[in-house]
Amino acid sequence: MSLRSVLDCIKEEIKKTAKDSYKRRHVVDFLGRIQFKDISALLPKEYFMLHFEPLYAFMKIIEKNNFIYMKNNGYEKLYHLLNRLFEEHEAGKQRLYFSDFVGVMTSNSTELISFSEFKEKQFERNVNQLDFGYKDYSSLKYDVFNPEIPGSSTYLKDAVKLNWRDSIYASNYDRSHRFALLCKWNELENRQDSEWFNVKEFPINDEIKKQFLENYVGFLVHSKTLLDILIEFGNILKFCHSFNSSDGKDEIVYLIFRKDEINSINLNMFLKKENCICINSLMEKCEK
C-alpha cells in the first residue's frame with residue numbers, strides 16, 4: 001500500500017473519532033512536542049548539485065502532482081496557483097562563462113559541500129594525479145566537451161538557469177568532476193573562458209508569486225513529520241489546505257496554510273522549527 005493510501009486511511013479513522021474542540025485547544029502543545037525530522041540530508045545548507053536547491057526541489061515536488069488534500073475551502077484555487085508558479089523556457093544556445101556556474105545537475109560525489117570547495121578538491125586531486133592527471137587545460141576542456149571520445153556519449157552540452165537566484169548549473173549526466181576541475185583551472189589562470197550550452201531557464205511567475213505570498217504560507221518538511229501531524233490532527237484542522245507526499249519514506253514534502261485560517265501562535269510554531277523551511281522566505285529572497 002502506498003504512503004498516500006495509508007495517510008488517507010488514517011484521515012478517515014481520525015474523522016470518525018476526534019473531537020474538534022479538543023484538537024483545536026491542543027494544537028500549540030502538540031506542535032511544541034513533535035520532533036520535526038531532520039531534512040538536512042535532503043536539503044542541506046551547503047550543496048553543489050541542482051536537486052538540493054530548495055525552490056527547485058519544491059518545483060519538482062509540485063510536478064509529481066501527488067496530492068493529499070482537503071476538498072473544501074478553495075483547494076482548486078491553490079492547486080492551479082501552484083501549477084502556474086514555476087515556468088520553464090527553452091532559451092536556446094548561449095555562450096556561458098565557466099566562472100558563472102554554481103554547480104552541476106548530478107554527480108557520483110556524495111559530499112555536501114559548496115561548488116567552490118568541490119572545485120578546489122578536484123584541482124588538488126589532479127595536481128596529485130589521484131584521478132585525472134591532466135597536464136594541460138586544453139586537453140581537459142577537450143575531454144569535457146568533445147562528443148567523440150571513445151565509449152562516451154554524455155559530453156557536457158546543456159545548462160540550467162534558475163532565474164529566481166540568477167544561478168547557472170551544468171546539466172550533465174557525467175563529467176562533473178572534470179567540469180569542476182575545468183572551472184577551477186579557468187579561475188586560477190584568469191582565462192575568462194566560456195563555451196556554448198543549450199540553456200533551459202526556470203523563472204517564477206511574479207504575479208502568481210505575489211498571490212501566493214499574500215494568501216498562503218508554506219513549509220518544506222520531512223514526510224515523517226507530516227505523517228506525525230496528520231496522525232494527530234487528520235482533517236480536523238481547517239487551516240490545512242494541501243500537502244504533498246509520495247511512496248518514499250524519506251522525502252521532502254510541503255504543507256501549505258491559508259493565512260486567514262492559521263493564527264499567529266500556530267504559525268510561529270512552524271517558523272521556529274529548525275527542520276522546517278519556510279517557502280515564503282525562499283520566495284521573498286528571489287532576484288527581482
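Residues numbered from 1 in each chain as written. Predicted model: local features only at pLDDT ≥ 70, side-chain atom pairs only at ≥ 80, totals over all residues. Heavy atoms only, no water.

### So, the overall build of the protein
Link 1 in the chain: Scanning the protein from N- to C-terminus turns up 12 helices and 10 strands.
Link 2 in the chain: Relative to its full complement of 288 residues, the protein shows a buried share of 51%.
Link 3 in the chain: At a minimum sequence separation of 6, the contacts of the protein that also span at least 24 residues come to 82%.
Link 4 in the chain: Just so you have it, the protein exposes about 14800 Å², and 47% of that area is on carbon and sulfur atoms. (Helix = DSSP H or I, 4+ residues; strand = E, 2+ residues; numbered from the N terminus. Buried < 20%, exposed > 50% of the residue type's maximum accessible area, 1.4 Å probe, protein only. Contact = heavy atoms within 4.5 Å. Areas by Shrake-Rupley, 256 points an atom, 1.4 Å probe, with all protein chains shown as cover.)

### Structural notes on the side chain of Ser176
Link 1 in the chain: Positionally, Ser176 belongs in helix 8 (residues 176-188).
Link 2 in the chain: At a separation of 3.3 Å, a polar atom in the side chain of Ser176 contacts the side chain of His177.
Link 3 in the chain: Not counting residues within four places of it along the chain, the set of residues in contact with Ser176 comprises Val104, Thr106, Ser107, Asn108 and Phe118. (Polar contact = N/O pair within 3.5 Å; in protein donor to acceptor, adjacent residues only side chain to side chain.)

### Examining the sheet that holds strand 6 (residues 194-202)
Link 1 in the chain: Read from one edge of the open sheet, 5 strands run 2-6-4-5-3, paired in mixed fashion. Each edge of the open sheet carries a strand with a single partner, namely strand 2 (89-97) and strand 3 (101-104). Across the sheet, the mean angle from the axis of one strand to that of its neighbour is 35 degrees, orientation sign disregarded.
Link 2 in the chain: Direction of pairing for strand 4 (residues 158-162) relative to strand 5 (residues 167-171): antiparallel, over a ladder of 5 bridges. Residue Leu162 lies in a different strand from strand 5, and its bridge partner there is Ser167. (Pairing = 2+ DSSP bridges. Axes fitted to C-alpha atoms, helices over the stretch in contact; angles between N-to-C directions.)

### Topic: the nonpolar core
Link 1 in the chain: Residues Phe58, Phe179 and Phe197 are the most contacted members of the largest nonpolar core, which totals 62 residues.
Link 2 in the chain: In terms of residue count, the dominant contributor to this core is helix 4 (residues 54-64) (7 residues).
Link 3 in the chain: Not counting residues up to four positions away in its chain, the partners in contact with Phe58 are Leu82, Leu85, Phe86, Leu220, Tyr254, Ile279 and Met283.
Link 4 in the chain: In this structure, Ile34, Phe36, Phe219 and Leu255 belong to the second largest nonpolar core, which totals 19 residues. (Core = buried A, V, L, I, M, F, W, Y, C linked by side-chain atoms within 4.5 Å.)

### Remarks on the confidence of the model for the protein
Link 1 in the chain: Confidence in the prediction of the protein, expressed as mean pLDDT, is 82, and 78% of residues score 70 or more.
Link 2 in the chain: Between residues 238-242, whose pLDDT stays under 50, and residues either more than four places distant or in other chains, the model counts 33 contacts. (pLDDT = per-residue confidence, 0-100.)

### Re the environment of Leu156
Link 1 in the chain: Turning to its location among the elements, Leu156 is positioned in the loop between helix 7 (137-145) and strand 4.
Link 2 in the chain: Taking the C-alpha atoms as reference, Leu156 lies 7.4 Å from Ser171; in sequence the two are 15 residues apart.
Link 3 in the chain: Apart from the residues lying within four places of it in its own chain, the contact partners of Leu156 are Val144, Phe145, Ala170, Asn172, Phe179 and Phe197.

### Structural notes on the pairing of strand 6
Link 1 in the chain: Two strands pair when backbone bridges link them, and strand 2 and strand 6 are joined in this way by 8 bridges, in the antiparallel orientation. Within strand 6, the residue paired with Tyr97 across the bridge is Ser194.
Link 2 in the chain: One ladder, built from 5 bridges, connects strand 4 with strand 6; its direction is parallel. Note on strand 6: the bridge partner recorded for Asp158 is Asn198.

### Concerning the state of the cysteines
Link 1 in the chain: Applying the stated criterion across every chain, the model contains 0 disulfides.
Link 2 in the chain: Unpaired in terms of disulfides, Cys278 finds its nearest cysteine sulfur in Cys276, a separation of 7.7 Å.
Link 3 in the chain: Among the residues examined, Cys278 registers a relative accessible area of 13% and is labelled buried. (Disulfide = S-S within 2.5 Å.)

### Let's talk about the packing of aromatic side chains
Link 1 in the chain: One pass over the structure, following the stated rule, counts 18 aromatic pairs.
Link 2 in the chain: Pairing Tyr56 with Phe202 gives two aromatic rings, centres 6.0 Å apart and planes at 85 degrees, and the pair type is edge-to-face. Here the residue Tyr56 occupies a position in helix 4, and Phe202 occupies one in strand 6, the gap between them amounting to 146 residues.
Link 3 in the chain: For Tyr56, a relative accessible area of 7% corresponds to the buried category.
Link 4 in the chain: Classification of Phe202 as buried rests on a relative accessible area of 5%.
Link 5 in the chain: Ring centres 6.2 Å apart and planes at 85 degrees place the aromatic pair Phe123 and Trp185 in the edge-to-face group. Taken as a pair, Phe123 in helix 6 (residues 115-127) and Trp185 in helix 8 lie far apart in primary sequence, 62 residues in all. Of the two residues, Phe123 and Trp185, both sit in the buried class.
Link 6 in the chain: Through a chain of ring-to-ring contacts, the aromatic side chains of Phe98, Phe101, Phe145, Phe179 and Phe197 assemble into a single cluster.
Link 7 in the chain: If you follow Arg191 out to its NZ or CZ, it ends over the ring of Tyr137, 3.9 Å from the centre. (Phe/Tyr/Trp six-rings, centres within 6.5 Å; stacked < 30°, edge-to-face > 60°. Lys NZ or Arg CZ within 6 Å of the ring centre and 35° of its normal.)

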